[in-house]
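Given next are the chains, with one letter for each unit.
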Amino acid sequence: MRIGVLGTGSMADALATHWVRAGHEVTIGGRDAHKAERLATRIGGGARPGSLRAAAESGQDVVLAALPFGAGADVAGELRAALEGKVLLDCSNPVGPGFRLLTEGGPSAARRLAAAAPGAHVVKAFNLCHEDVWRMRPPVFDGRPLAVPVCGDDETALARVRALVRDVGCEPVAGGGLERAGLLEATAALFIALWVGEGADAQAIAPPLAYAAGPGHQDTESGTGVSR
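Not measured: the values here are computed from a predicted model.

*Asks:* Can you walk me through the overall build of the chain in this structure?
*Replies:* Per the secondary structure count, the chain includes nine helices and 12 strands. The C-alpha extent of the chain, read off along each of the three principal axes, is 65 × 40 × 35 Å. Taking the contacts inside the chain whose residues are at least 6 apart along the sequence as the reference set, 69% of them involve residues at least 24 apart. A gap of 4 Å separates the mean positions of the 22 positive and 25 negative side-chain charges of the chain.

*Asks:* How should the pattern of salt bridges be read in this particular structure?
*Replies:* Pairs can form between side chains of opposite charge once their charged atoms are near each other. All told, the structure shown has eight salt bridges when counted by the stated rule. For the salt bridge of Asp90 with Lys124, the shortest nitrogen-to-oxygen distance reads 2.8 Å. Pair noted here: Asp90 is in strand β5 (residues 87-90) and Lys124 is in strand β8 (residues 121-124), with a separation of 34 residues, a long-range link. A relative accessible area of 2% places Asp90 in the buried class. In this structure, Asp132 engages Arg135 in a salt bridge whose closest nitrogen and oxygen atoms are separated by 3.4 Å. When salt bridges that share partners are traced, they join Asp13, Arg42, Asp132 and Arg135 into one network.

*Asks:* Hey, could you run me through the pairing of strand β2 (residues 25-29) in this one?
*Replies:* In the case of a regular strand, side chains alternate between the two sheet surfaces. For β2, a buried count of four out of five residues is recorded, marking the element as mostly surrounded by other parts of the structure. Relative to β2, strand β1 (residues 2-6) is paired through five bridges, and the arrangement is parallel. Looking at β2, one finds that Arg2 is bridged to Glu25. With respect to chirality, the unit in which β1 leads through helix α1 (residues 10-21) into the neighbouring parallel β2 is right-handed. Pairing geometry for β2 and strand β3 (residues 48-50), over three bridges, is parallel. Paired with Ile28 across the two strands is Pro49, which belongs to β3. The parallel pair β2 and β3 is bridged by helix α2 (residues 33-43), and the resulting crossover is right-handed.

*Asks:* Whenever I open this one, the packing of aromatic side chains confuses me. Can you help?
*Replies:* Pairs of aromatic rings are described using the distance from one ring centre to the other and the angle between the two planes. Evaluated as defined, the whole model comprises three aromatic pairs. Between the aromatic rings of Phe126 and Trp134, the centroid separation amounts to 5.1 Å while the plane-to-plane angle is 80°, which identifies the pairing as edge-to-face. The buried category is assigned to Trp134, whose relative accessible area is 2%. Site record: aromatic cluster; members linked through ring pairs are Trp19, Phe126 and Trp134.

*Asks:* In this structure, what is going on with the packing of α1 against α2? I would like to understand it.
*Replies:* A pair of packed helices is characterised by two quantities: the angle between their axes and the separation of those axes. Viewed as axis vectors pointing N to C, α1 and α2 meet at an angle of 40°, and their least axial separation amounts to 10 Å. By the angle between their axes, α1 is oblique relative to α2. The way α1 lies across α2 gives a crossing that is right-handed. Contacts between α1 and α2 pair Ala12, Asp13, Ala16, Thr17 and Val20 from the former with Leu39, Arg42 and Ile43 from the latter. Of the residues assigned to the contact of α1 with α2, the class counts are five nonpolar, one polar and two charged.

Scoring rules and cut-offs
Residues numbered from 1 in each chain as written. Predicted model: local features only at pLDDT ≥ 70, side-chain atom pairs only at ≥ 80, totals over all residues. Heavy atoms only, no water. Helix = DSSP H or I, 4+ residues; strand = E, 2+ residues; numbered from the N terminus. Contact = heavy atoms within 4.5 Å. Lys, Arg positive; Asp, Glu negative; His and termini not counted. Charge placed at Lys NZ, Arg CZ, Asp CG, Glu CD. Salt bridge = Lys/Arg side-chain N within 4 Å of Asp/Glu carboxyl O. Buried < 20%, exposed > 50% of the residue type's maximum accessible area, 1.4 Å probe, protein only. Pairing = 2+ DSSP bridges. Right-handed = clockwise from strand over helix to strand, strands pointing away. Phe/Tyr/Trp six-rings, centres within 6.5 Å; stacked < 30°, edge-to-face > 60°. Axes fitted to C-alpha atoms, helices over the stretch in contact; angles between N-to-C directions. Parallel < 35°, antiparallel > 145°, perpendicular 65-115°, else oblique. Left-handed = near helix turned anticlockwise from the far one by under 90°. Nonpolar A, V, L, I, M, F, W, Y, C, P; charged D, E, K, R; others polar.

Spelled out as structure tokens, the structure:
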């Protein structure tokens, strides 16, 4: 794929590195040309530096918005013409001091990108983990690849992002339409508060899939249990 990356930070570095290794053509775009050039050089594999606009224009298949929450919608608005018809992948987390969800009571970060660039097909993914997890080759824990929820409304866009998830070594999970992106962002705020604020294992709050609908669900489904 031809992928444009908006941003020169840690998430841009982690994800673009995987995609270059998978054989994709990647352009790193930033407001600071020197930072874009340094990142492209570090990633190697033919990654090219450029401006934000150059990255948006070159990302014919996917454009990754690896931008802080406060800047994402502004940049998308500036580049709305270049993003027309493109897949715009949002990995941001609108989390502020005290692990507060900055979008509470308003549109999600992904929805704000969609409003700023209404011609783009916005997809939410890669927002639930620290960038160091995405640097792993691959992110596999106890023999199981990391699952990555993906939210969006356009099937072609979803298919491309699912392929990029697999290129990172993870398994995509259907997260629903873009209206559910806010739930992913809220989940990230909760997980970060548990992991960082409390030192708690967020993974431990969910039961195994077999018990997710209640301990009697499987027996009832098979006709051998008693309804409750």
